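Survey of secondary and tertiary structure
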Protein chains: 2
Amino acid sequence: MLTFQLRTTFVDVQTGDELSVYLHRRDAKEHGIGEKDRLIIGWRGGSPTVVTVNLTSSLIERGQIGLCQDFKKRTGIKKEELVKIQLLGTPESVKHIAKRLQGQSLTYRETLAIIKDIVNYRLDDAVIAFYLSKVFFTNISDQELYHITRAMVESGQQFNFDGQLIVDKHSTGGLAGNRITPIIVAIISALGLTMPKTSSRAVTSPAGTADVFEVLAPVSFSPREIKPLLKKNNAFLIWGADGIAPADDRIIEIANELPVEPFTKLVTSIMAKKVAMGVNCLIVDVPINPTAKVKSLEEAREIEKLFVDLGRLFKMKVKVVFYASFGPIGRGIGPALEARDVLRVLQQKDDRPADLQKKAVYYSAELLKLAGRAKGSQANRQALECLTSGQAWKQMQKIIEAQGGRPNIDSEDIKIGRITHQVKAEESGSVRMIDNKALGWINRSLGNPTIKQAGIYLHRLVGETVEKGDTLFTIYATSQARLKYALDALKKNKIYHIYKGNGPL
Amino acid sequence: MLTFQLRTTFVDVQTGDELSVYLHRRDAKEHGIGEKDRLIIGWRGGSPTVVTVNLTSSLIERGQIGLCQDFKKRTGIKKEELVKIQLLGTPESVKHIAKRLQGQSLTYRETLAIIKDIVNYRLDDAVIAFYLSKVFFTNISDQELYHITRAMVESGQQFNFDGQLIVDKHSTGGLAGNRITPIIVAIISALGLTMPKTSSRAVTSPAGTADVFEVLAPVSFSPREIKPLLKKNNAFLIWGADGIAPADDRIIEIANELPVEPFTKLVTSIMAKKVAMGVNCLIVDVPINPTAKVKSLEEAREIEKLFVDLGRLFKMKVKVVFYASFGPIGRGIGPALEARDVLRVLQQKDDRPADLQKKAVYYSAELLKLAGRAKGSQANRQALECLTSGQAWKQMQKIIEAQGGRPNIDSEDIKIGRITHQVKAEESGSVRMIDNKALGWINRSLGNPTIKQAGIYLHRLVGETVEKGDTLFTIYATSQARLKYALDALKKNKIYHIYKGNGPL
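Residues numbered from 1 in each chain as written. Chains lettered and ligands numbered in written order. Predicted model: local features only at pLDDT ≥ 70, side-chain atom pairs only at ≥ 80, totals over all residues. Heavy atoms only, no water.

Concerning the interface of chain B and chain A
Contact with chain B, which involves 38 residues of that partner, is made by 38 residues of chain A. Carbon and sulfur atoms supply 59% of the area buried between chain B and chain A, which totals about 3,600 Å² over both sides. The residue R38(A) makes a salt bridge to E257(B) at a minimum N-O spacing of 3.0 Å. On inspection of chain B and its partner chain A, the count reaches 20 residue pairs in polar contact (both at pLDDT 80 or more). Of all the secondary structure elements, the ones that give two or more residues to the side of chain B that touches chain A are β4 (49-56), α3 (93-101), α5 (125-136) and α10 (247-255) of chain B. Per-class residue counts for the side of chain B that touches chain A are 20 nonpolar, 10 polar and 8 charged. (Contact = heavy atoms within 4.5 Å. Buried area = accessible area lost by both parts, 1.4 Å probe. Salt bridge = Lys/Arg side-chain N within 4 Å of Asp/Glu carboxyl O. Polar contact = N/O pair within 3.5 Å; in protein donor to acceptor, adjacent residues only side chain to side chain. Helix = DSSP H or I, 4+ residues; strand = E, 2+ residues; numbered from the N terminus. Nonpolar A, V, L, I, M, F, W, Y, C, P; charged D, E, K, R; others polar.)

Section: the packing of aromatic side chains
A full pass over the atoms with the stated rule returns 14 aromatic pairs over all chains. Aromatic side chains F137(A) and F130(B) sit 6.0 Å apart centroid to centroid with 85° between the ring planes, which places their arrangement in the edge-to-face category. On the criterion of chain membership, the pair formed by F137(A) in the loop between α5 (125-136) and α6 (142-154) and F130(B) in helix α5 is interchain, its members lying in two chains. The pair F137(A) / F130(B) is uniform in exposure class, with both members buried. A connected cluster of aromatic rings, assembled from ring pairs, spans Y323(A), Y362(A) and Y363(A). One cation-aromatic arrangement involves R201(A) over W239(A); the distance from NZ or CZ to the ring centre is 4.5 Å. One residue, K359(A), lies across the ring of Y323(A), its end atom 4.2 Å from the ring centre. (Phe/Tyr/Trp six-rings, centres within 6.5 Å; stacked < 30°, edge-to-face > 60°. Buried < 20%, exposed > 50% of the residue type's maximum accessible area, 1.4 Å probe, protein only. Lys NZ or Arg CZ within 6 Å of the ring centre and 35° of its normal.)

A short note on the environment of K265(B)
All names here are of chain B. Mapped onto the elements, K265 comes out in helix α11 (residues 263-276). Relative accessible area serves as the criterion here: at 11%, K265 is assigned to the buried category. Spatially, the C-alpha atom of K265 lies 8.8 Å from that of L132, the residues being 133 residues apart in sequence. Setting aside residues no more than four positions away along its own chain, K265 makes contact with F136, I251 and A255.

Structural notes on the pairing of strand β11 (residues 317-324) of chain A
Residue and element names in this part refer to chain A. Bridge count between strand β10 (residues 281-288) and β11: 8 bridges; the pairing is parallel. From the neighbouring strand, P287 faces β11, where its bridge partner is Y323. One crossover worth recording links β10 to the parallel β11 by way of helix α12 (residues 297-313), and it is right-handed. (Pairing = 2+ DSSP bridges. Right-handed = clockwise from strand over helix to strand, strands pointing away.)

Overview of the confidence of the model for chain A
Across chain A, pLDDT averages 92, with 98% of residues at or above 70. Listed scores for the predicted complex are pTM 0.87 and ipTM 0.84. (pLDDT = per-residue confidence, 0-100.)

Focus: the domain arrangement of chain A
Interface size is often expressed as the accessible area that is lost when the parts come together. Domain annotation of chain A identifies domain 1 (3-87), domain 2 (93-139), domain 3 (167-243 + 273-402) and domain 4 (419-500). On a C-alpha basis, the centroid separation for the pair domain 2 of chain A and domain 4 of chain A is 44 Å. (Domains from an automatic or database assignment.)

Points about unusual backbone geometry
Residue and element names in this part refer to chain A. Residue P449 follows N448 across a cis peptide bond; omega there is 0°. Within the secondary structure layout, P449 lies in the loop between α17 (436-446) and β15 (455-458). Backbone geometry places K36, a non-glycine residue, at a positive phi of 75°. Following the sequence through the fold, K36 ends up in the loop between α1 (25-30) and β3 (38-42). A positive phi angle, near 45°, is found at D162, a position not held by glycine.

Some thoughts on the relation of the copies chain B and chain A
When chain B is fitted onto chain A, the two copies agree to an RMSD of 0.1 Å after a turn of 180° and an axial shift of 0.1 Å. Here the two chains are linked by the operation of a two-fold rotation axis. Nearest to the rotation axis, the C-alpha of A126(B) is located 2.4 Å from it, this being the minimum over chain B. Comparing interface residues between copies, 100% of those in chain B also lie at the interface in chain A; the contact surface is shared. (Least-squares fit on C-alpha atoms with pLDDT ≥ 70 in both.)

Laid out in structure tokens, this is it:
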């Protein structure tokens with residue numbers, strides 16, 4: 001097998017792929033390497049890494065391998081480091097993928113080999129896409145879904161809490177606002193349950209829970225910081241830690257440009273992260289909404305079945321709770337405005353959004369019941385009291401502090417974009433529907449989720465009546481240019497659907 | 001919509017993707033462009049081209065766009081050319097792909113939009129792979145297969161010969177040697193039929209017909225050279241011309257690393273090229289062989305059905321003829337050795353391979369019958385006489401001359417690798433099987449198809465008896481190093497399967 005050595009140097013190119021390296025054409029020729037070939041490179045103190053070849057005769061000298069700055073950042077590799085180079089053959093897992101494409105089923109070991117090779121960059125993006133298309137866009141057995149999920153768990157970091165009860169809550173997403181998670185974490189852990197919550201950042205929505213909570217405290221922690229952090233308060237709220245079901249990140253990267261996500265893929269992705277975190281008791285929020293991800297009761301039931309079946313195979317208690325609505329939950333949309341809503345509820349301010357509090361309490365109660373800590377309406381009372389008594393807020397202050405945030409922050413301290421624009425009702429009537437997708441477009445054009453202070457505040461919610469000239473919503477922007485983008489987007493995206501007159505809702 | 005201008009310069013990087021361009025980080029930032037974004041670029045005299053962005057702060061100046069040499073070669077673009085840049089949004093066809101992935105069927109217009117965007121690089125490789133996996137690796141209707149094939153035809157160059165009878169022959173491939181095509185082209189066009197034969201180069205095999213014929217004459221012609229070339233002798237044998245069903249090239253690129261090819265994909269690819277070339281009468285050779293692409297009669301029948309059904313929809317007469325064997329056809333394997341076999345048959349040399357002649361005559365006869373030029377055994381006699389009388393060779397000389405080759409070449413003038421190695425039989429017996437795949441490996445390690453003079457000559461064919469010590473085959477190499485590679489490969493790949501003793505074959 002071909003191996004040889006080269007010395008590192010850095011090349012100022014950003015390809016969007018940190019694993020691109022540059023070889024001198026003559027070195028490559030000497031060793032029978034072509035552009036687009038994949039190599040395994042190894043160096044002292046680094047783990048073997050798969051990279052892709054580009055060729056040049058002038059950017060680097062002979063005997064050098066050119067790396068980009070992102071690769072340095074990721075691995076800590078230095079200049080003039082001696083690197084061992086080996087040509088990567090076609091991995092065995094390609095044969096398993098071919099077998100699956102031809103309609104045969106795979107053993108667990110074969111599935112694991114595929115998922116591991118997805119994680120370690122041994123497979124070509126297109127080959128992975130062929131596989132994903134086959135497993136997620138045609139019929140898949142519970143058995144195979146379990147295999148894929150288990151392989152995603154086992155190809156990454158895993159946490160084990162020795163039989164301890166570990167609870168969690170997750171939403172299938174797609175609803176603007178709906179920031180119940182931080183409130184539930186506070187209530188549930190204040191009541192003595194252990195909840196190591198990992199959340200995602202927004203992919204296509206205005207904000208993910210991680211984006212919102214980052215307004216209050218840092219959310220990036222490495223796997224080795226997780227256990228000590230959890231010990232402090234029996235809970236945290238962090239961004240899905242590095243190395244937990246890492247296949248999911250690669251899969252998201254590859255399926256990135258597709259505007260659809262199959263439910264099987266969604267459920268696998270969520271469950272893999274839960275299993276890897278050691279969760280054994282899980283409540284799933286499935287929002288049903290004509291402008292969200294899940295639009296019908298039928299679809300919601302499909303998702304429910306997937307969760308429950310997978311839960312059984314992993315010996316995890318799972319309960320799926322549907323929540324139908326014609327608008328978002330809460331009044332603020334965008335990281336800062338949503339964080340303010342969360343604090344208003346936890347701090348029991350007068351202007352707290354009632355729907356957000358109600359939903360958070362409801363899901364907390366469901367979790368208490370599933371964990372066997374309360375029964376019937378007692379669960380709801382217990383969760384509500386924890387919130388109204390200030391106990392939940394005290395617990396949240398400890399969590400914020402443990403993660404390095406400012407525990408004495410008041411909801412009104414949160415900075416919101418200074419440039420505002422109010423949109424008024426053109427007619428009287430009642431609000432029938434608020435379009436999530438339209439909201440998403442406007443928020444995105446304001447710079448969410450990256451620009452945290454930007455966002456939209458909804459003065460009217462679904463079911464409320466509106467007089468002509470009333471303010472429907474306020475846009476908060478961080479620059480005039482951004483406001484202009486948002487107003488342009490608004491022309492093509494209607495947010496409020498108002499029933500004129502006094503007709504039925 | 002965002003447009004701005006940059007000036008071209010050239011960057012010495014070969015990524016394997018000629019459509020990678022380099023932008024200055026600050027220019028990119030100013031226009032809101034990130035790495036991996038796709039742009040449409042246009043310039044005077046060039047057609048709009050989709051390219052992918054890489055960023056740098058030092059390889060080029062601000063105001064420049066860096067292109068690689070391959071892009072220059074392809075387009076003829078010059079240095080300091082003014083280029084208009086436009087950000088490419090998500091193409092509409094992504095929505096059609098999403099629809100198809102979710103199990104809905106597409107209209108012809110939707111399929112055409114997808115195929116066109118595949119051709120013009122508007123779609124991400126992974127998105128294309130999701131689509132291909134769905135259409136080619138699950139059940140597909142005749143209707144959809146027809147739509148895809150028609151879209152492949154219509155998104156490229158098309159030839160129309162005004163109702164003239166245009167005949168052709170194609171093989172599904174996978175059998176070493178089997179170089180009947182040049183002989184058939186000579187016989188059929190000598191007998192007055194029009195046969196514009198386009199052939200492929202080898203992808204994984206030792207040689208494609210285009211690789212072999214290139215030993216005798218140039219095979220690369222542009223679309224505008226095709227009609228005049230055909231007029232000269234009513235036939236040619238060229239490499240599948242640029243721009244004919246161009247989607248196929250992109251699809252091959254993307255499915256490149258998969259070790260399986262669904263029959264639907266294979267048939268679509270062949271039929272699209274035939275329809276685009278104006279063929280209306282086609283004989284398909286399907287070799288059935290335990291070590292080739294099609295292994296069973298059942299598979300062969302599956303392919304037959306696909307060809308016949310698609311043929312009907314395109315109003316093309318198609319006949320599929322199976323050919324079962326336990327070894328290759330002909331004695332030479334590798335471009336030069338196969339070209340020599342072809343000439344030995346056309347020039348009726350004493351040492352011509354009998355099986356190659358027999359098969360070429362048989363398929364010529366089938367084509368004569370399908371085209372209505374002869375009936376029953378008369379067709380075979382006509383084809384054979386055309387060959388033995390020297391008429392076919394005279395016709396081939398004209399074809400070679402028209403394509404710019406040397407028409408007076410003798411089979412024994414063809415240069416073969418000078419370094420030889422003979423492999424002898426270790427025991428006596430009869431040859432039961434010659435492994436195509438094993439042959440492929442050895443030929444590949446000799447440098448086929450790129451190194452044309454290298455190859456293997458089979459002294460014993462299936463069904464022949466062998467005495468211990470007889471030469472089974474000779475390896476022809478162009479360097480000692482290549483011979484060593486081949487001998488190493490030979491250790492792991494057994495070519496001859498010999499039945500010991502005098503038992504049944």
